[in-house]
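Here are the chains, one letter per residue:
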Amino acid sequence: MSSQALVVAHDLAKTFDVSAPWLNRVLEGKPRQLLHAVDGVSFEIERGTTLALVGESGCGKSTVARLLVGLYEPTRGGLRFGGQDAYAAFKSPEAKAMRKRIQMIFQDPYASLNPRWTVDAIIGEPLLEHGMIQDAAELQARVAELLQSVGLSALDMPKYPHQFSGGQRQRISIARALATAPEFLVCDEPTSALDVSVQAQVLNIMKDLQRERGLTYLFISHNLAVVRHVSDKVGVMYLGRLVELADKHTLFANPQHPYTRMLLDAIPKMHDTGRARTPVQGEVPNPLNPPTGCSFHPRCPLVTERCQTERPLLRELKGIKIACHAVS
Amino acid sequence: MRLLQVNKLVVEFPSRHGTLRAIDGISFDIAPGEILGVVGESGAGKSLTGASIIGLLEPPGRIASGSITLQGERIDQYSNDQMRHIRGRKIGAIFQDPLTSLNPLYTVGRQITETIQAHLPVSDDEAKQRAIRLLQDTGIPAAAERMDHYPHQFSGGMRQRVVIAMALAAEPQLIVADEPTTALDVSIQAQIIGLLKTICKDRGAAVMLITHDMGVIAETCDRVAVMYAGRIVEIGPVHEVINRPSHPYTSGLMASIPDMTSDRERLNQIDGAMPRLNAIPQGCAFNPRCPQVFERCKQERPELRPATATQAACWLIPGGAV
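So, here's what we can say about the structure. These numbers come from a predicted model, not from an experiment.

### Regarding the overall build of chain B
Item 1. Each helix and strand counted, chain B has eleven helices and twelve strands in total.
Item 2. If one aligns the C-alpha atoms of chain B with their principal axes, the spans along those axes are about 65 × 50 × 40 Å.
Item 3. Counting over 322 residues, chain B shows a buried share of 49%.
Item 4. Residue pairs in contact within chain B that sit at least 24 positions apart in sequence constitute 63% of those at least 6 positions apart.

As structure tokens, this is what we get:
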């Protein structure tokens, strides 16, 4: 593993206990049930670049996001941030210093801003919480500067979230995340609640900010076209595991894993009117009871006997990482 | 003959602060067997247009003027009772969230047979056979057994198939599908769109497909109407609207969609946001965001007129009124 990477996740896993209540288990003889939301995911993100995670609902991408910012504690595995063990830091007295460097942008700008707070209170809170600002005048100046950096105006400070449109709210979210001058931003579907013309505004701002401040992003999305636009590297997830991890250009030009190919085929092409898509067969299986072997095998066109019994590991292959028996 | 004709439809919401005009004089028609896409951003009025046609406009919203004609019959002033015979029988509806359009307390089979028997004079047995066939046609495996299952026992994609089966149960000539794939994953979305397209074609049913997803429109529709702030700003064959748009809003919208072929560093963005209903600008509603705005746009409102390959409502297009 290279040492320059800002974020190094190693074998991250998160298991949720979704068993029935104790009494039911005793009376009805129901077993304990574990949901492996994320099951051993490893990746690195270089400083100043964007790693995108894509996958269908329930594949564990949001759980990865929450693991990276420390909202969940991992069941297994570790995370190194700037050479430091992040989970040890989250528990130590240095937790605040670590949290300051990692911030998050959420999907729904209607739910992630407190409706009773004014914009300056929302953006100012992290500054006060981390003791980065001493007096009120400085706070005002800093909040105004943050608002301007996301294309809003200092005049917006006394307003409430409901006075803004969805796209503007998402910019407020971004300004709040930037308040502590973080190095790493985890963006969980930041534009999927927005209309396309507004989505373009937000994506452009995110790219500009990355260029200006050298930010590192983990960008989570189910929209492959958006991912192709913002990312440097792309990881494709399926049922809690990475199935392919590659440079953006390689992945989109030459997808290797059958699931990646299927996903790419499923995207409607705008300038290809009337083209029939190759529909993906079947649906994502129940994560409580994943298929044996490779969890994609029931939907896979290249399935062999080996896939049904032996789970493929993520391995290096011609500069990409892939978990598939059929591709060599 | 046109299957559906909408003429100068106006939908208004009376409120304390005056009447809000959510749909402002839109006209279009749908031919039998045609798939018309209606695209636009949130608040453009596309769902309200659909709701007006199926007679499910929620009060205090009301059709203030204009007409909706289905097979020569004016249905816009029908009472709820009269509309009940139209809905399901002549116009089927598919909504975004399949979980809320199915009753969680009844089996899927019961819900479909109920729809069939409400509109067609068939025996219980015949209705059941039809329901099973419908489920088979929508690609549900082991349809006969699935009849006895409840909606929660189906996955999202399967539920949407059940909803499509239900919409088709009484063989309507028109299906109004409001964001039928928005709640689904891309891989399932492709399955459902493909199904909707073939099943409607087989039965000769026309579809009005309401969505914000231009990609879905591109591969499904014959014609497309682009809505902005309660009006149709451009309408035409889908290929022309996408590749040779005439309205600056349509071209801006197309350019702001990240696509899989080009490598642009920045996406083209349309600055600002759609105006609120209580603050629709004078003249062309798009003028504050339009890159090519000129004096006339701020004064007079353009009507739809023939442009290069489509019809568009914009003063940039030369020529007189239609």
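Further notes follow.
### Some thoughts on the nonpolar core
Item 1. Ranked by size, the top nonpolar core spans 184 residues in total, and within it Leu218 of chain A together with Leu174, Val207, Met208, Val226 and Tyr228 of chain B carry the most contacts.
Item 2. Residue contributions to this core peak at nine residues, all from helix α7 (residues 186-203) of chain B.
Item 3. Not counting chain neighbours up to four residues away, the residues in contact with tyrosine 228 of chain B comprise Gly40, Ala44, Val233, Tyr249, Met274, Ala285 and Phe286 of chain B.

### Some remarks on the sheet that holds strand β5 (residues 84-85) of chain A
Pairing between the strands of a sheet comes from backbone hydrogen bonds, and it takes one of two forms, parallel or antiparallel.
Residues and elements named next belong to chain A.
Item 1. The sheet built from four strands is open, its strands ordered β2-β1-β4-β5 with antiparallel pairing. The open sheet terminates on both sides in strands that have one partner only, identified here as β2 (34-45) and β5.
Item 2. As defined by bridge partners, strand β1 (residues 7-17) adjoins β2 across nine bridges and the pair is classed as antiparallel. Bridge pairing in β2 links aspartate 17 to leucine 34.
Item 3. Most of the contacts of helix α2 (residues 61-68) go to β2, to which it runs at about 65°, and overall it touches β1, β2 and β4 (76-81).

### Thoughts on the interface of chain A and chain B
Item 1. Listed as interface residues are 35 residues of chain A and, on the opposing side, 34 residues of chain B.
Item 2. Contributing elements (two or more residues each) for the side of chain A that touches chain B: α8 (196-213), α9 (224-230) and α11 (258-265) of chain A.
Item 3. Ranked by residues supplied to the side of chain A that touches chain B, first place goes to α8 of chain A with eight residues.
Item 4. Broken down by class, the residue content of the side of chain A that touches chain B amounts to 15 nonpolar, eleven polar and nine charged.

### Details of the packing of α8 of chain A against helix α10 (residues 248-256) of chain B
Item 1. In contact at an axis separation of 8 Å, α8 of chain A and α10 of chain B are set at 50° when each is read in the N-to-C sense. What the angle tells us is that α8 of chain A and α10 of chain B run oblique. Two packed elements cross with a definite hand, and for α8 of chain A against α10 of chain B that hand is left-handed. In this structure, α8 of chain A contributes Val196, Ser197 and Ala200 of chain A to the contact, and α10 of chain B contributes Gly252, Leu253 and Ser256 of chain B.

Thresholds applied
Position labels on residues start from 1 in each chain and follow its written sequence. Here the convention is simple: chains get letters from A, ligands get numbers from 1, in the order in which they are written. The model is predicted, so local features are restricted to residues of pLDDT at least 70 and side-chain atom pairs to those at 80 or more, both for listing and for counting; the totals for chains, interfaces and linings are taken over all residues. Only DSSP runs of H or I reaching four residues or more are called helices, and only runs of E reaching two or more are called strands; each is numbered from the N terminus. Neighbour counting defines burial: a residue surrounded by 20 or more other C-beta atoms within 10 Å of its own C-beta is buried, one with 12 or fewer is exposed, and intermediate counts give partly exposed, using backbone-placed C-beta atoms. A residue pair is marked as a contact if its C-beta atoms, positioned from the backbone, fall within 7 Å. Connectivity within a nonpolar core runs through C-beta atoms within 7 Å, and the core itself is a set of buried Ala, Val, Leu, Ile, Met, Phe, Trp, Tyr and Cys residues. When DSSP finds two or more bridges between two strands, those strands count as paired. Angles run from 0 to 180 degrees between N-to-C directions of axes, and those axes are lines fitted to C-alpha atoms, restricted for helices to the stretch in contact. Each residue receives one of three labels: charged for Asp, Glu, Lys and Arg, nonpolar for Ala, Val, Leu, Ile, Met, Phe, Trp, Tyr, Cys and Pro, and polar for the others, Gly being one of them. Orientation categories follow fixed angle ranges, with anything under 35 degrees roughly parallel, anything over 145 roughly antiparallel, 65 to 115 roughly perpendicular, and all other angles oblique. Here a crossing is taken to be left-handed if its near helix is turned anticlockwise relative to the far helix by less than a right angle, and right-handed if that turn runs clockwise.

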